[in-house]
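Summary of structural features
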Amino acid sequence: MICLGIESTAHTLGIGIINDKGEILSNKKHTLETETGGIHPIKAAQAHELFYDSLIRSALKESKLTMKDIDLISFSQGPGLGQCLRRGAVIARSLSLLYDIPIIGVNHCVAHVEIGKKLCNLKNPVTLYTSGANTQIIAQSNGKYRIFGETMDIGVGNFLDNIGRYMNLGFPGGPKIEKLAEKGSKYIELPYTIKGMDFNFSGIQNKVRQLLEKNSKEDICYSVQENVFAILVEATERAVAHLNSEEVLLTGGVAANKRLAKMIEDMCKQRGIKYGICPRSVSGDNGVMIAWQGIIEYNSGKRQKIIETEIDGSWRTDDVNIIWNN
Ligand code: AMP
Ligand code: MG
């Protein structure tokens, strides 16, 4: 079975093609970027409209397939920005109707976890999912992915992007902050905002804004990473200890950050447990994870009519019933 997956929850339009063995046949994406300032949802949705045709064509070409070879279409049904989700859903429905291929809408966050498990060869990890809009600590219990801790305000990626915007670094700020942090060395005290298993970033964001006048960008970026990643890894370790877990998965766009990956690695090595860092090509938003999620749900018997493919911008990770074997 071969599935074409469409990701469109935010700034990235992804088209992925994967087979039921988990072999990635193509992973095409277009991400809206800016020199300065952030991204407007309508602009992102318009970019999706401009790029879907060429991305689908190049994904098919790369995998040496035509639409006739595609057995399943899947798409991100939520959570995400309404404007962006709607574009992906319309493309998926059109392809499904035109080529008479079954359609499945999947949860974007759950798809991040499942592709990470597959590619990192993990069975039942505690997942630290760090992306632009979402930051959650997720583990499976009683048929659902439960959220053990999460951000109370913005996702860690968006937090980094906001700080990048204060520094005029353009979007996305995360990778640029990582580069600047490598040159910083002085730790500047920042609020350590963790309560129980949950955390928040807007207080740190305000503090950074004040600090910008009197400190170097490099030292601020270094301090931000040390502080915020320690919060995330501390909460993850608490979930691991509570669940007696043997595995940790790091995924989401921010998983590309080497310092965060190193902190996860250190924590897991100290505890003598296995860990996986999701490969960069599928850790940020991408169509492959959506395609893989489509396959495992379809193979577990899930079927959807077009009328059941309405998007849900606030679909929670812990609202998804895990019907598939894992
Ligand atoms: P996603 O929403 O999963 O596609 O992730 C996008 C987010 O990942 C954006 O907020 C980026 O700033 C962030 N990001 C990407 N690469 C890095 C990096 N090397 N370090 C920190 N954040 C990053
Ligand atoms: Mg994501």
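Residues numbered from 1 in each chain as written. Chains lettered and ligands numbered in written order. Predicted model: local features only at pLDDT ≥ 70, side-chain atom pairs only at ≥ 80, totals over all residues. Heavy atoms only, no water.

Quick look at the packing of aromatic side chains
How we decide: Here a pair means two rings of Phe, Tyr or Trp (six-membered ring of Trp) with centres within 6.5 Å. Their orientation is stacked below 30 degrees between planes, edge-to-face above 60, and tilted elsewhere. Using a 1.4 Å probe on the protein chains alone, a residue whose accessible area is under 20% of its type maximum counts as buried, one over 50% counts as exposed, and one in between counts as partly exposed. Each ring is checked for a lysine NZ or an arginine CZ that lies within 6 Å of its centre and within 35 degrees of its normal; such an atom marks a charge sitting over the ring.
For the structure on display, the rule yields 2 aromatic pairs. Ring geometry for Phe 199 versus Phe 201: centroids 5.9 Å apart, planes at 40°, classification tilted. Of the residues examined, Phe 199 reaches a relative accessible area of 0% and is grouped as buried. One Lys or Arg, Arg 303, reaches over the ring of Tyr 298 and ends 3.6 Å from the middle of that ring.

Here's the deal with the sheet that holds strand S6 (residues 126-130)
Selection criterion: A pair of strands counts as paired when DSSP detects no fewer than two bridges linking them. For helices the rule is a DSSP run of H or I covering at least 4 residues; for strands it is a run of E covering at least 2, with both sets numbered from the N terminus onward. Simply put, an axis is a line fit to the C-alpha atoms, just over the touching stretch for a helix, and the angle between two N-to-C directions goes from 0 to 180 degrees. Contacts: residue pairs with any heavy atoms within 4.5 Å of one another.
Reading across the sheet, the 5 strands line up as S8-S7-S6-S11-S12 and stay open at both edges, with mixed pairing between neighbours. A strand with exactly one partner marks an edge of an open sheet, and here the two such strands are strand S8 (144-150) and strand S12 (274-277). Taking the axes of each pair of neighbouring strands and ignoring which way they run, one obtains an average angle of 20° across the sheet. Note: S6 against strand S7 (residues 135-141), 4 bridges, orientation antiparallel. Bridge pairing in S7 places Thr 130 opposite Thr 135. Sheet strands in contact with helix H3 (residues 108-120) are S6, S7, S8, strand S11 (247-251) and S12, and its direction is about 120° off that of S11. Sheet strands touched by helix H7 (residues 217-243): S6, S7, S8 and S11. Its angle to S6, the strand with the most contacts, is close to 160°.

Topic: the site of ligand 1
This is how it is decided: Each residue is tested against the molecule or strand, and it is near if at least one of its non-hydrogen atoms lies within 4 Å. Pairs of N or O atoms are called polar contacts if they sit within 3.5 Å, as long as, within protein, a hydrogen donor faces a hydrogen acceptor (for residues adjacent in sequence, only side-chain-to-side-chain pairs). Per-residue and other accessible areas were derived by the Shrake-Rupley procedure at a 1.4 Å probe size, with only the shown protein chains allowed to occlude residues. Lys, Arg, Asp and Glu make up the charged group, whereas Ala, Val, Leu, Ile, Met, Phe, Trp, Tyr, Cys and Pro make up the nonpolar group; the residues left over, Gly among them, are polar. Those domain boundaries reflect an automatic or database domain assignment.
Among the 18 residues in the neighbourhood of ligand 1, the closest are listed as Gly 132, Asp 161, Glu 178, Gly 253 and Asn 257. Within the backbone of Gly 253, one N or O atom sits 2.9 Å away from an oxygen atom of ligand 1. Within the backbone of Asp 285, an N or O atom sits 3.0 Å from an oxygen atom of ligand 1. Protein burial of ligand 1: of its 510 Å² of free accessible surface, 92% is covered by the chains. When grouped by side-chain class, the residues that make up the shell around ligand 1 number 5 nonpolar, 10 polar and 3 charged. Taken together, domain 1 (2-111 + 284-319) and domain 2 (121-282) each give at least three residues to the shell around ligand 1, which thus spans both.

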